[in-house]
Amino acid sequence: MTETISLELTRKDFVSDQTVRWCPGCGDYSILAQMQKVLPELGIPKEKIVFISGIGCSSRFPYYMNTYGIHSIHGRAPTLASGLAAANPDLNIWVVTGDGDAMSIGGNHLIHAMRRNVDLKILLFNNRIYGLTKGQYSPTSRKGKKTKSSPMGSIEQPLNPLTLALSAEATFVARAMDTDTVHLGEVLRAAAAHEGTSFVEIYQDCVIFNPNEWAGIDDRRTRPDHVIYLEHDKPLIFGKNNDKGVRLNGFKPEVVELGGEFSEKDLIVHDETSQELAYILAHMEHPNYPPPMGVIRQVRKPTYTEELMGQVRMAQERKGVGDLQKLYHAADVWTV
């Protein structure tokens, strides 16, 4: 009889022997480091972990993880991951993608993976630029963004990854930032614990082609005055001295100073289960609002694999275990 021996893994166990090839200072480094730090805490054997990526700078991620991995084709990582999750529900599957890969050519694949609630952890590295191809505007670039492909400024309305995920009924939607590594680790742990599709937008710094995109919120010294860290069932308070908050003024969020006319009881209380509140939070963007960080929405629904396996069991109870050869010859066949 073979005895199973559980090994205590460390960060080093998840570091591959490949040379990391990102630009010096790229935000991908901190995301990679946090992932390698968080995975040993999950207690999942390495042979059950898979990273799947598409195309782009972020999609080199699987090479640097000492796990199973697939560097796939542009925008199709959610599709490969969905098939793998259905074929082997025991796997812990992470999809790594960028704003160009996921929001443009892969948009359709991403939407349908989320609406099906496939048990995947999807990390969207959002730097609002095409970095690998040297700096063209992406689907999430701000309107008016001047790049090599939009010298007079982009005339397109940017996609909001969070509202897209919410519209697809993703059961876990969150946001984190590469420069805030402690909080990023917390969000990765929460995403890993969720059953179903976890979608995490990570504000990522492209220091070469879009270095100022997150100016104002990426400095740890001033960040507390410009972002909100969400906690379920807690009021939306922020500021270095916890002296600011967000209330609803009609249907619109409004930033208010605390201590005078307004107090904590006037503020919005975060509810991770509220789809309506999630939309309000997702539309709060810097610099008009402090962007929310953390879990924006989390609900429990049956996963795609649970529903699929339920139908398989039901069919087997009615008709018995299937025979593939009999199925092949159950209808008319012909020779070409």
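In this text the structure is predicted, and so the values were computed from the model without any measurement.

K.L.:
Which parts of the structure should I look at to understand the overall build of the protein chain?
P.N.:
In terms of regular secondary structure, the protein chain is built from 10 helices and 11 strands. Scaling as 2.2 N^0.38, a compact globule of 336 residues should have a C-alpha radius of gyration of about 20 Å, and the protein chain matches this with 22 Å. Here the C-alpha coordinates of the protein chain stretch approximately 75 × 45 × 45 Å along the principal axes. By the burial criterion, 46% of the 336 residues in the protein chain qualify as buried. Taking contacts inside the protein chain between residues at least 6 apart in sequence as the whole, the part at least 24 apart equals 66%.

K.L.:
Looking at this structure, how should I read the side chain of S72?
P.N.:
Of note, S72 is situated in the loop between β2 (68-71) and α3 (77-87). Setting aside residues up to four positions removed in sequence, S72 forms contacts with I52, S53, G54, I55, A77 and L80.

K.L.:
Looking at this structure, how should I read the packing of helix α1 (residues 28-42) against helix α7 (residues 181-193)?
P.N.:
Packed helices, taken two at a time, are described by the angle their axes make and the gap between the axes. Put simply, α1 and α7 touch, their axes get as near as 9 Å, and they point 50° apart. Here α1 lies oblique to α7, going by the angle between them. The crossing of α1 and α7 is right-handed. Residue-level inspection shows S30, I31, Q34, M35, V38, E41 and L42 of α1 in contact with α7, the latter providing T181, L184, G185, L188, R189 and A192. Looking at side-chain class alone, the contact of α1 with α7 contains seven nonpolar, four polar and two charged residues.

K.L.:
Where do I start with a nonpolar patch on the surface in this structure?
P.N.:
Residues L324, L327 and Y328 make up a contiguous nonpolar surface patch of about 350 Å² in total accessible area. Secondary-structure assignment places L324 in helix α10 (residues 324-328).

K.L.:
Whenever I open this one, α3 confuses me. Can you help?
P.N.:
Owing to its 3.6 residues per turn, the α-helix aligns residues three or four sequence positions apart on the same side. Every buried residue of α3 is listed here: A77, P78, A81, S82, A85 and A86. Looking straight down α3, one finds that the buried residues subtend no more than 155° of arc, so they occupy a single side.

K.L.:
Where do I start with the sheet that holds strand β6 (residues 198-203) in this structure?
P.N.:
What links the strands of a sheet is backbone hydrogen bonding, and the strands pair in either a parallel or an antiparallel sense. Read across the open sheet, the eight strands follow the order β2-β1-β3-β4-β6-β5-β11-β7; overall the sheet is mixed. Unpaired on one side and paired on the other, β2 and β7 (228-229) mark the two borders of the sheet. Pairing analysis gives four bridges linking strand β1 (residues 49-53) to β2, with the strands arranged parallel. Counterpart to F51 in the pairing with β2 is G69. Its contacts with the sheet place helix α8 (residues 275-282) against β5 (172-177) and β11 (292-298), and it is angled at close to 155° to β11.

K.L.:
Got a minute to help me understand the packing of α3 against helix α5 (residues 107-116) in this structure?
P.N.:
Between α3 and α5, the shortest axis-to-axis distance is 8 Å and the interhelical angle comes to 35°. Residue-level inspection shows P78, T79 and S82 of α3 in contact with α5, the latter providing H109, L110 and A113. In terms of residue class, the contact of α3 with α5 is made up of three nonpolar, three polar and no charged.

K.L.:
I keep staring at the sheet that holds strand β9 (residues 244-249) and nothing clicks. Help me out?
P.N.:
The three strands are arranged β8-β9-β10 in an open sheet whose pairing can be described as antiparallel. The outermost strands of the open sheet, each flanked by one partner alone, are β8 (237-238) and β10 (252-257). Pairing of β9 with β10 involves six bridges; the strand directions are antiparallel. Residue pairing for β10: R247 is matched across the bridge by E254.

K.L.:
Just to check I follow, could you spell out empty space enclosed by the protein for this structure?
P.N.:
Which parts of space are left empty comes out when a probe the size of a water molecule is rolled across the atoms. Under the definition given, this model contains one cavity of 30 Å³ or more. Space inside the largest cavity adds up to approximately 30 Å³. Surrounding the largest cavity, R128, R142, Y203, E213, W214, E285 and H286 form its lining. For the lining of the largest cavity, the residue count by class is two nonpolar, one polar and four charged.

K.L.:
Teacher, can you tell me more about the nonpolar core here?
P.N.:
One finds L110, M114, L120 and F199 to be the most contacted residues of the largest nonpolar core, which totals 38 residues. Broken down by secondary-structure element, the contributors of at least two residues to this core are β1, α3, β3 (92-98), α4 (99-105), α5, β4 (121-126), α6 (161-167) and α8. Setting aside residues up to four positions removed in sequence, L120 forms contacts with P78, A81, S82, A85, I93, V95, A113, G196, T197 and S198. Core analysis: the second largest hydrophobic core is formed by 29 residues, W22, M35, F61 and L184 among them.

Reading the values: the criteria
- Residues numbered from 1 in each chain as written.
- Predicted model: local features only at pLDDT ≥ 70, side-chain atom pairs only at ≥ 80, totals over all residues.
- Heavy atoms only, no water.
- Helix = DSSP H or I, 4+ residues; strand = E, 2+ residues; numbered from the N terminus.
- Rg over C-alpha atoms; globule rule 2.2 N^0.38 Å.
- Buried < 20%, exposed > 50% of the residue type's maximum accessible area, 1.4 Å probe, protein only.
- Contact = heavy atoms within 4.5 Å.
- Axes fitted to C-alpha atoms, helices over the stretch in contact; angles between N-to-C directions.
- Parallel < 35°, antiparallel > 145°, perpendicular 65-115°, else oblique.
- Left-handed = near helix turned anticlockwise from the far one by under 90°.
- Nonpolar A, V, L, I, M, F, W, Y, C, P; charged D, E, K, R; others polar.
- Patch = residues over 30% accessible without salt bridge, like charges linked within 9 Å, V, L, I, M, F, W, Y side chains within 5 Å.
- Areas by Shrake-Rupley, 256 points an atom, 1.4 Å probe, with all protein chains shown as cover.
- Salt bridge = Lys/Arg side-chain N within 4 Å of Asp/Glu carboxyl O.
- Arc of directions from axis to C-beta.
- Pairing = 2+ DSSP bridges.
- 1 Å grid on protein atoms, 1.4 Å probe; cavity = no way out; pocket = protein on both sides within 12 Å on 5 of 7 lines; lining within 4 Å.
- Points joined across faces, edges and corners; volume = space filled by probe spheres on them.
- Core = buried A, V, L, I, M, F, W, Y, C linked by side-chain atoms within 4.5 Å.

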